[in-house]
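Tertiary structure, described
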Amino acid sequence: MKTWIGMSLNTQILLAALIGIFFGLLLRLYPDSVFFNQSIYVLTLISGIFIGFLKMLLVPLVFSSIVVGVASLESGHQLGKVWKFTLMCSFVTMSLSLCLGLMCAHIFEVGKGLDVAIFQTAMQQHQPDVQSLDASSFLMNFVQNTLINPFKAFSDGNVLSVVIFAMLIGLALVYGGARFQSIRNLSQEFFDLVMLLVSWVMKLAPLGILALLAKLIAKEDLSILSRVAEFAAVVTGTTIFHGAIVLPLLLWIFGKMSPFTFFKGTRLALITAFATSSSSATMPLSLKCAQENLGVRPQIAGFVIPLGSHLNMDGTALYEAAAALFVANLMGLDLHLGQQIIVCLTAMIASLGAPGIPSAGMVTMIMVLQSVGLPAEAIAILLPIDRILDTVRTVVNVQGDMMVSVVVDRYTRTDENALQVRFDS
Ligand code: ASP
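Notes on the structure follow. (Residues numbered from 1 in each chain as written. Predicted model: local features only at pLDDT ≥ 70, side-chain atom pairs only at ≥ 80, totals over all residues. Heavy atoms only, no water.)

**Focus on the overall build of the protein chain**
Operational definition: Working definition: helices are DSSP H or I runs of at least four residues, strands are E runs of at least two. Numbering for both runs from the N terminus. Think of it in three bands: with a 1.4 Å probe and only protein chains considered, a residue is buried below 20% of the maximum accessible area for its type, exposed above 50%, and partly exposed in between. Note on definitions: a residue-residue contact is assigned when non-hydrogen atoms from the two residues lie within 4.5 Å. For every accessible area listed, the method is Shrake-Rupley and the probe measures 1.4 Å; residues are considered covered only by the protein chains on display.
Scanning the protein chain from terminus to terminus reveals 18 helices and zero strands. Taking all 425 residues of the protein chain together, the buried fraction comes to 55%. Considering only contacts in the protein chain between residues 6 or more positions apart, those separated by 24 or more positions represent 83%. With an accessible surface of roughly 18,500 Å², the protein chain has 69% of that area assigned to carbon and sulfur atoms.

Spelled out as structure tokens, the structure:
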């Protein structure tokens, strides 16, 4: 996508990251000077505006994305078995990817050994949350903090609570059927509207990333850069492992399809996912590959893949869980078991709430950080590498959708006739 200055957004982000690094290095030459202080003030202002807009859109985006996603189970009761299988498979693969993400972040100790001071002020505001969440009381906290008045949840930015409310609304729309058609249309339009706003905010991304990166480099120990590179390598490696080993193994066991057939039949969709970083943009190709090359029945592919491009995101879940641990490690915090479970739950919900567009995971990452008391501002560390990591995680997201369609197709085939009747009804 070209923009008004004739460069694609990706090129602008790359250029901005380079300028940010250069400017940050320049600032390091003049510590404590007027130039330094004023520049930091301006950079803080610019990055504050960018992150502020991201935070502003988080709740509407997650809410509308989940309502629309769940409401698309429209034919839910007609297709009982199909949608139950779809949800179950998505849940299993996403849980595995989350565990893998956390495990690898632990094994490679991503971000350990540094104590990043830049977010100390933001951190202090969150400190009580971090202290109060011990392993035994997290369930009680979870219930008390999430089952609350939705309007309070909206105004407090309590995303978990918003997610639960959105799921309930989505389910009610499914069960209410035609009675709530106008609310369903309204939700879809509201979602489209929020997506438009997100695309506007993304236009600010180059400037925001420049400011965040320059500030980080000017004020922090430069070894943070090598930690970020290490993290990027670990996440990319783990995501590729999930896509190349875990998912094909599950496909082989449960879908009775060889990985070779799968990759050969889906390569067009996978390459497109890599190039566009968008499961939604890739969806028509995923559908075509699943139907024509993997032999998934059109009615199954037509149900599982659009739903999956909204809700089933293994790559995003893996990334968000690992990234939360990385940020906590960078700040010298040890997340205990209860907090890690919260990270997993929130990362799963965050990936449900992330629409299939480039960098959506970056917006919903804020909720994962906040769930364990880490400041939203910490995404500054992740933003510069997000566009690169997004390519690989989108490939795995799309792969997961097609894989689930094969498995669901196989398990519902015995009911073919009954299913056909239900589809036609
Ligand atoms: N770009 C991803 C997708 O479209 C979502 C994300 O940002 O993680 O699947």
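**A closer look at the site of the ligand**
Defined as follows: Throughout, near means a residue has at least one heavy atom within 4 Å of the molecule or strand. Within 3.5 Å is the distance limit for a polar contact, defined as a pair of N or O atoms, with the added protein rule that one can donate a hydrogen and the other accept it, and that residues adjacent in sequence qualify only through two side-chain atoms.
Within the structure, the ligand sits among 16 residues, and Ser 279, Thr 316, Gly 361, Asp 390 and Arg 393 are positioned closest to it. Ser 277 is positioned with one of its backbone polar atoms (N or O) 2.9 Å from a nitrogen atom of the ligand. Within the backbone of Gly 356, an N or O atom sits 3.3 Å from an oxygen atom of the ligand. Alone, the ligand offers 270 Å² of accessible surface; in the complex the protein occludes 100% of this. Breaking the shell around the ligand down by element, the ones donating at least two residues are helix H16 (360-371) and helix H17 (379-412).

**With respect to the nonpolar core**
Just so we agree on the cut-off: What is meant by a nonpolar core is a set of buried Ala, Val, Leu, Ile, Met, Phe, Trp, Tyr and Cys residues, joined one to another through side-chain atoms within 4.5 Å.
Among the nonpolar cores identified, the biggest contains 123 residues, and Phe 231, Phe 326, Met 365, Met 367, Ile 379 and Leu 382 are the most heavily contacted of them. The biggest single contributor to this core is H17, with 16 residues. Those residues in contact with Phe 231, other than ones at most four positions away along the chain, are Val 110, Tyr 319, Ala 322, Ala 323, Phe 326, Leu 382, Ile 385 and Leu 389. By size, the runner-up hydrophobic cluster in this structure holds seven residues, among which are Leu 27, Leu 43, Ala 211 and Ala 218.

**Comments concerning helix H8 (residues 181-203)**
Our working definition: Expected helix span is given by 1.5 Å per residue-to-residue step, counting one fewer step than there are residues.
Between its first and last C-alpha atoms H8 spans 34 Å; for 23 residues at 1.5 Å apiece the expected length is 33 Å, and the two agree. Every buried residue belonging to H8 is among Arg 184, Ser 187, Phe 191, Val 194, Met 195, Val 198, Val 201 and Met 202, and all of these are buried. Tucked into the core, H8 has its buried residues touching helix H1 (9-28), helix H2 (34-71), helix H7 (159-176), helix H9 (205-219), helix H13 (298-311) and H16.

**Considering unusual backbone geometry**
Of note in the backbone geometry, Asp 32 takes a positive phi value of approximately 60° without being a glycine. Here Asp 32 is to be found in the loop between H1 and H2.

**Here we look at the side chain of Gln 340**
When you line up the elements, Gln 340 lands in helix H15 (residues 337-353). Classification of Gln 340 as buried rests on a relative accessible area of 13%. Excluding anything up to four places from it in sequence, Gln 340 contacts Leu 102, His 106, Leu 325 and Leu 335.

**Notes on H17**
Operational definition: To get the bend at any residue, fit one axis to the seven residues that end at it and another to the seven that begin at it, then take the angle between the two axes.
The end-to-end C-alpha distance of H17, which contains 34 residues, comes to just 42 Å, noticeably less than the 50 Å that a straight helix rising 1.5 Å per residue would cover. Of all bends in H17, the biggest is about 60°, found at Asp 386. Burial of H17 is extensive: 31 of the 34 residues sit out of reach of the surface.

**Points about the pattern of salt bridges**
Opposite charge on two side chains lets them pair, provided their charged atoms get close. As a reminder, the rule being used: The salt bridge definition used is simple: a Lys or Arg side-chain nitrogen within 4 Å of an Asp or Glu carboxyl oxygen.
For the structure on display, the rule yields six salt bridges. Its salt-bridge partner being Asp 386, residue Arg 393 comes within 3.3 Å of it at the nearest N-O pair. Comparing Arg 393 with Asp 386, the two get one shared label, buried. The salt bridge partner of Arg 393 is Asp 390, with a shortest N-O separation of 3.4 Å.

**Some points on the packing of H2 against H9**
Selection criterion: Working convention: axes come from line fits to C-alpha atoms, limited for helices to the stretch in contact. Angles between N-to-C directions cover 0 to 180 degrees. An angle below 35 degrees is read as roughly parallel, one above 145 as roughly antiparallel, one from 65 to 115 as roughly perpendicular, and any other as oblique. In this scheme the crossing of two helices becomes right-handed for a clockwise turn of the near helix relative to the far one and left-handed for an anticlockwise turn of less than a right angle. As a working rule, the residues Ala, Val, Leu, Ile, Met, Phe, Trp, Tyr, Cys and Pro are called nonpolar, Asp, Glu, Lys and Arg charged, and the rest polar, with Gly in that last group.
Direction vectors running N to C along H2 and H9 enclose 135°, while the axes themselves pass 8 Å from each other. In terms of axis orientation, H2 runs oblique to H9. Judged by the twist between their axes, the crossing of H2 over H9 is left-handed. Mapping the contact onto sequence places Phe 36, Ile 40, Leu 43, Thr 44, Ile 46, Ser 47, Phe 50 and Ile 51 in H2 and Ala 205, Leu 207, Gly 208, Ala 211, Leu 212, Ala 214, Lys 215, Ala 218 and Lys 219 in H9. Among the residues making up the contact of H2 with H9, the classes are represented as 12 nonpolar, three polar and two charged.

**Thoughts on the packing of aromatic side chains**
Each aromatic ring pair is summarised here by two numbers: the centre-to-centre distance and the angle between the ring planes. Operational definition: Aromatic pairing here means that ring centres of Phe, Tyr or Trp (its six-membered ring) are within 6.5 Å. Orientation follows from the plane angle: under 30 degrees is stacked, over 60 is edge-to-face, and everything else is tilted.
Counted by the stated rule, this structure contains nine aromatic pairs. Measuring from ring centre to ring centre gives 5.2 Å for Phe 63 and Phe 154, while their planes differ by 75°; the resulting arrangement is edge-to-face. Pair noted here: Phe 63 is in helix H2 and Phe 154 is in helix H6 (residues 150-156), with a separation of 91 residues, a long-range link. For Phe 154, a relative accessible area of 28% corresponds to the partly exposed category. Between Phe 63 and Phe 165 the ring centres are 6.2 Å apart and the planes differ by 20°, which places this aromatic pair in the stacked class. You can see Phe 63 sitting in helix H2 and its partner Phe 165 sitting in helix H7, a full 102 residues away along the chain.

So far we have only geometry, and geometry alone does not tell us how the molecule works.
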